[in-house]
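# Inside the fold
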Amino acid sequence: MPTPHASESRSAVRILLRLWPYVRPVRARLLTAAFVATVASCVSLVIPLVLKWLVDGPVTGGDPAGVWLGALYLLLLGIAEAGLFGIRRWLVARPLSRVEADLRADLYRHLQRLPVAFHDRWASGQLLSRATTDLMLLRQFLAFPLTFLLVNGVTILVGVVIMLLQDWRLGLVVLGPGIPVMILCALFERRYARVARRAQDQVGDLTTVVEESVLGIRIVKGFGRHRSQARAFGELSRTLRGTELVKARLLAQIWAVIVTLPEVAIGAALVLGIVRVADGALSAGTLVAFLSTALALRWPVDSIGFLLAMSQEAATATERYFEVMDEEPESTGVSGTGKPGTAGAGAPRTGETGSGIAGGAVRGSAAGAIGNGRHSSTPTGTPEDGKRDPVPAGTTEDGGHRSTQAGTAEGGEHDSVPVGTTEDGAHRSTPAGTPEAGTRDPVPASTTEDGGHRPAQAGTAENGEHDSVPASTTEDGRHRPVPAGTPEGGERAPVPAGAAEDGGHGCDPVDGGVPAGGVGSRERGSVSVGAGAGGLRFHGVCFRYPDAPSGSPPVLDRVDLQVRPGETMALVGATGSGKTTLAALIPRLHEVTSGRITLDGEDITAMPREELRTRVAVAFEEPTLFSASVGDNVLMGAPDTAGDPELERALGIAQADFAHALPQGTRTQVGEQGLSLSGGQRQRLALARAVVGSPRFLVLDDPLSALDVHTEAAVEAALRRVLDGTTALVVAHRPSTVLLADRVALLSGGRIAAVGTHHELLRTHAEYARLMSGNPGNPGNSEEVG
C-alpha cells in the first residue's frame, strides 16, 4: 500500500490552497467571520486604552463617578468582544459542515470510480482514515487555525503599533524576541510536518487491523488467534503512541520557547517602565496601558505554536486526501487513446487469425472451421469467382507475413490449420502442398451446432462422429487440431512463423499496445460485425497486473476465444491459471494489457462502462452482500424499475426460497457482509442478483461451489432455462458445473489450450482429464467423469 512521506521541500500553503474549490462557495461567510473575529480582537485592545484614561483621569483626580463610568465602559467592551466571537462561531459552523460533507462525498464518489487495481493496492483502513480522521482535521483547521492565524496576525500588528505609540523604547524591548521566535517556528514546522505525516499513516494502519479483526472475527475465534491479533494491535498502538509523544514533545518545546521569551521581554519592559515612571519620563497610566496591551497580546503569541501544529496536520491531511483524489478513475464514457502498454480505445490491436480458438473452434476441433464454426470452402484470398492471382508463399495479399506449413500428405491431410478465411476477413496460412489453384481434395462435412458446416477429420465415421482427435497448442497459445492418429501427448505440429520456440510470451506492447508477434493495424473500436462476430469474443488478449515486476510473464498470454450468441462456455483450468482474471476483464474490472474483447462485435472499450455493465452480469466465487435487505441485495442487479415479480423469479432460479422463511421475509436485513447467512445462502443470493436483470451476457465464477449436492442439482436445472437465452461464460471446477455448458475451454499457463465438448476433451486432452478426475496422477478413469 503506497504511503508516501511528506516531502522535505513541500509547501504547506501550496498544499492547503488545493482546498480552495471547496472553500470558494462559502468564502463570503468565512471572510465575514474572519472580519468579525478581527474586530473582536481589536476591541480587546481598546480595553488598555480605557485603563490608561481611568488611571490618569478619575483615579488620579479622585473622581468616583468617572471610575464607575470607566468600569461601565470595560463591561460593555467585554460583552461586545464575547458577542462578536459568538457571531463568528455561528457564521462558520454551517458552511464548514457543508465543506466537510462535500469533501467526503467527492472522496466516496471517486473511490467508486477508481479501478479495481487501485483497491487491490490500498488497505481499506488507509482509505477509511482519510474519509474520517483527515476530514475532521480539515474541518477543524478551516474553523479555527485558518481564521485565527489571520486574526492573531492582525491583532499582534495593531497591538505592536499601539505599544510603539505609547513608548517606543518599551516597544522595542518587547519586540526583541520576535526574530528568534520566527526562526524557531520555521524549524518546528519542518520537523512537525514529518512526524504528523507518520502519525496519520499509522492511524490508517491501526484502522486496517481493527477492521480486519472485526470482519474476520470468526477466523480469529475459530483458531484462537485473539492473543496474536491483540499483540499485532498492541504493537501498532504502541508505535502510534510513540509518534504522538514525539509530536507532543515538539509542541512542548516550541510552546516553551514562545511563552518564555515574550514573558522575559514583558518583565524587562516592566522594570524599565517603572524606572521611567520614577524618573517622571512616563505616566503611570501609560505604563498600565502598555503592560495591559502586552498582556493582551500574550494569547495571540502563545497560540502560534499549536496553530502552526494544527496547520501542519491539516496540510498532511490535505496531502493524504488528494493522494487518493489524484488517482486516475475509470473512464465513464468511451475510452480515449490507450496508454502504452494498455489496451485503451484507439490503441492498435492485435491481428486476428483463424485459429480454432480465435474462431471459437467447434466441437471436435475440426480442421477448416472458421470463427463462427462454419466451413470455409474458399481458399485464402479467393475472389467471388473462385479464382485468384498467385500469391508468393509466405505472403498474404495485403503484404503481411504468412507462415507456409509443410507436411501435407498426398491425401490432403495436414498437421497444420487448413486454409480458410476468418469471419473478420483476416487470412489464414496456406499449407505447403496445397495445389496452386488453391483447391483441396473433398472432405466430408458435418454440421456444427449452429447449423454451419465443418469438414470431418480423417477417420470420421459414417454417423458423423469423430475418432479421438487430440488438441494441441501452438507456440503462440492458440488451439490447433491435430489429425486423428496422433498419440495423446505426442509431438505437436510445426510452430507457425513468428511464434516463440521457447514458449516465451508475446504480450509486450509494441507501438502502443500491439503484442510482439501480433498483426493487424485496425484502430480499436472499428469492429466489423460480420459472420461469427456476435457473442463474446477475446481477440489476442494479454493481461499483466499493473504492479507486476518488469519482465514478468503475463497472467494471460494471447487468449483467443469465442462464445457464440446464446452459447454457454465453461472455462476450466488449474488453480492460478487465470480464470477469474479472464472473467474480470469482461466487465472491465481490469483493463487488458493488449488485445481486445468484443460483445456482439462491439469492442467493450468503445462503449460507456455503464452500458457495458448493464449488458454483462457477474457472480463471483466469493459472494459479497451489503448491509441491506435481502430484496435490496438481489435487486442491485436489476434496473430501477424492477420489483417483486423480478425478485421472485430470480430467487426461484437460484433456489433461494429460504429468503421467505426469514423473520421479515425478503425485507430482512442481512447484516454486514451478509454474515448472518450461511455460505450457501449468500452464494444463492449472489446468483439471484446476477440473473435478476435478465442480462444478455452472464459471467459466473464457480457459482455453485458452496451448495450441497441436492441444492446444486436444483439450481443447475433452473440455470439451464436461463442460460438457453443468454451468452454465458462459466468458470467451473467440477464436472457437474461443466455439464451446464455447450462447450468447454481449457486455460493452461495463461493460454487457451483446448476447446471442445466435455466428453471430447476427456478423450483427447490429458490435462483436462486430470482436472476433471480429481486424481492428478491417474487420469485413467476420466472417461467415467460427467
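Residues numbered from 1 in each chain as written. Predicted model: local features only at pLDDT ≥ 70, side-chain atom pairs only at ≥ 80, totals over all residues. Heavy atoms only, no water.

### Points about the sheet that holds strand β10 (residues 594-599)
- Pairing is antiparallel in the open sheet, where four strands are placed in the order β8-β7-β10-β11. Of all the strands in the sheet, the pair left with one neighbour each is β8 (556-563) and β11 (602-603). (Pairing = 2+ DSSP bridges. Helix = DSSP H or I, 4+ residues; strand = E, 2+ residues; numbered from the N terminus.)

### With respect to a negative patch on the surface
- Taken together, the side chains of Asp644, Glu646, Glu648 and Asp657 present a region of like negative charge at the surface.
- Its location among the elements puts Glu646 in helix α18 (residues 644-653). (Patch = residues over 30% accessible without salt bridge, like charges linked within 9 Å, V, L, I, M, F, W, Y side chains within 5 Å. Areas by Shrake-Rupley, 256 points an atom, 1.4 Å probe, with all protein chains shown as cover. Salt bridge = Lys/Arg side-chain N within 4 Å of Asp/Glu carboxyl O. Lys, Arg positive; Asp, Glu negative; His and termini not counted. Charge placed at Lys NZ, Arg CZ, Asp CG, Glu CD.)

### Re unusual backbone geometry
- Positive phi is not limited to glycine here, since Arg558 has a value of about 55°.
- The class of Arg558 is buried, set by a relative accessible area of 9%.
- Located in the positive-phi region is Gln655, a residue other than glycine, with phi close to 55°.
- Structurally, the position occupied by Gln655 is in the loop between α18 and α19 (679-691).
- A relative accessible area of 27% places Gln655 in the partly exposed class. (Buried < 20%, exposed > 50% of the residue type's maximum accessible area, 1.4 Å probe, protein only.)

### Observations concerning the nonpolar core
- By size, the foremost hydrophobic cluster in this structure holds 36 residues, and its most contacted members are Val634, Leu651, Leu685, Leu687, Leu698, Leu700 and Leu719.
- For this core, the elements supplying multiple residues, two or more each, are β12 (616-619), α17 (630-635), α18, α19, β13 (697-701), α20 (709-723) and β14 (727-731).
- Excluding residues that lie within four positions of it along the chain, Leu700 makes contacts with Ala619, Leu687, Ala690, Leu719, Leu729, Val730 and Val731.
- Counting 33 residues, the second largest nonpolar core, distinct from the first, contains Tyr22, Val92, Leu111 and Leu127. (Core = buried A, V, L, I, M, F, W, Y, C linked by side-chain atoms within 4.5 Å. Contact = heavy atoms within 4.5 Å.)

### Looking at the sheet that holds strand β16 (residues 751-756)
- Taken together, six strands build an open sheet; the order of strands is β12-β13-β14-β9-β15-β16 and the sheet is mixed. The open sheet terminates on both sides in strands that have one partner only, identified here as β12 and β16. Strand-to-strand twist of the sheet, defined as the mean angle between neighbouring strand axes without regard to direction, takes the value 20°.
- Pairing analysis gives five bridges linking strand β9 (residues 568-573) to strand β15 (residues 743-748), with the strands arranged parallel. Of the residues in β15, the one forming a bridge with Val572 is Leu746.
- Where α19 meets the sheet, it contacts β12 and β13, and its direction lies at approximately 175° from that of β12. (Axes fitted to C-alpha atoms, helices over the stretch in contact; angles between N-to-C directions.)

### Quick word on the packing of aromatic side chains
- Inspection of every chain in the model, using the stated rule, returns eleven aromatic pairs.
- Ring geometry for Trp53 and Tyr73: centres 6.2 Å apart, planes at 45°, overall tilted. In this pair, Trp53 sits in helix α3 (residues 27-61) while Tyr73 sits in helix α4 (residues 64-113), placing the two residues 20 residues apart along the sequence.
- Since its relative accessible area comes to 39%, Trp53 is described here as partly exposed.
- Ring centres 4.6 Å apart and planes at 35° place the aromatic pair Phe144 and Phe148 in the tilted group.
- Note on Phe148: relative accessible area 7%, which makes it buried. (Phe/Tyr/Trp six-rings, centres within 6.5 Å; stacked < 30°, edge-to-face > 60°.)

### A closer look at the pairing of strand β7 (residues 536-543)
- Of all eight residues in β7, eight are buried, a share of seventy percent or more.
- Pairing between β7 and β8: five bridges, direction antiparallel. Along β8, the bridge assignment pairs Arg537 with Gln562.
- Pairing of β7 with β10 involves five bridges; the strand directions are antiparallel. What sits directly across from Cys542, in β10, is Ser594.

### What about the environment of Leu175?
- Residue placement: Leu175 occurs in helix α8 (residues 168-175).
- Residue Leu175 is classed as partly exposed on the basis of its relative accessible area, which comes to 36%.
- Sequence separation between Leu175 and Ala265 is 90 residues, and the spatial gap between their C-alpha atoms is 7.7 Å.
- Dropping the residues within four chain positions of it, Leu175 is found in contact with Val160 and Leu164.

### A look at the packing of α4 against helix α6 (residues 124-143)
- Where α4 meets α6, the closest approach of the two axes is 9 Å, and the angle between their N-to-C directions is 155°. The pairing of α4 with α6 is recorded here as roughly antiparallel in orientation. Crossing geometry of α4 relative to α6 is assigned as right-handed. Two secondary-structure elements touch here, α4 through Arg88, Leu96, Val99, Glu100, Leu103, Arg104, Leu107 and Leu111 and α6 through Leu127, Arg130, Ala131, Thr132, Leu135, Met136, Leu138, Arg139, Leu142 and Ala143.
- The residue makeup of the contact of α4 with α6, split by class, is twelve nonpolar, one polar and five charged. (Parallel < 35°, antiparallel > 145°, perpendicular 65-115°, else oblique. Left-handed = near helix turned anticlockwise from the far one by under 90°. Nonpolar A, V, L, I, M, F, W, Y, C, P; charged D, E, K, R; others polar.)

### Re the packing of α6 against helix α9 (residues 178-215)
- The geometry of α6 relative to α9 is characterised by a closest axis approach of 8 Å and an angle of 130° between their N-to-C directions. As judged from the angle between their axes, α6 and α9 are oblique. In this structure, α6 crosses over α9, and the sense of that crossing is right-handed. The residues of α9 that touch α6, namely those facing Ser124, Gly125, Gln126, Leu128, Ser129, Arg130, Thr133, Asp134 and Leu137, are Arg197, Gln200, Asp201, Val203, Gly204, Asp205, Thr207, Thr208 and Glu211.

### A word on the side chain of Thr318
- Tracing the backbone shows Thr318 in helix α14 (residues 304-325).
- Dropping the residues within four chain positions of it, Thr318 is found in contact with Ile15, Leu16, Leu19 and Leu138.

### Concerning helix α11 (residues 226-278)
- The end-to-end C-alpha distance of α11, which contains 53 residues, comes to 75 Å, matching closely the 78 Å that a straight helix rising 1.5 Å per residue would cover.
- Residue Gly280 follows α11 closely and has a positive phi angle near 80°. (Expected span 1.5 Å × (residues − 1).)

By themselves, these observations are geometric and do not establish any function.
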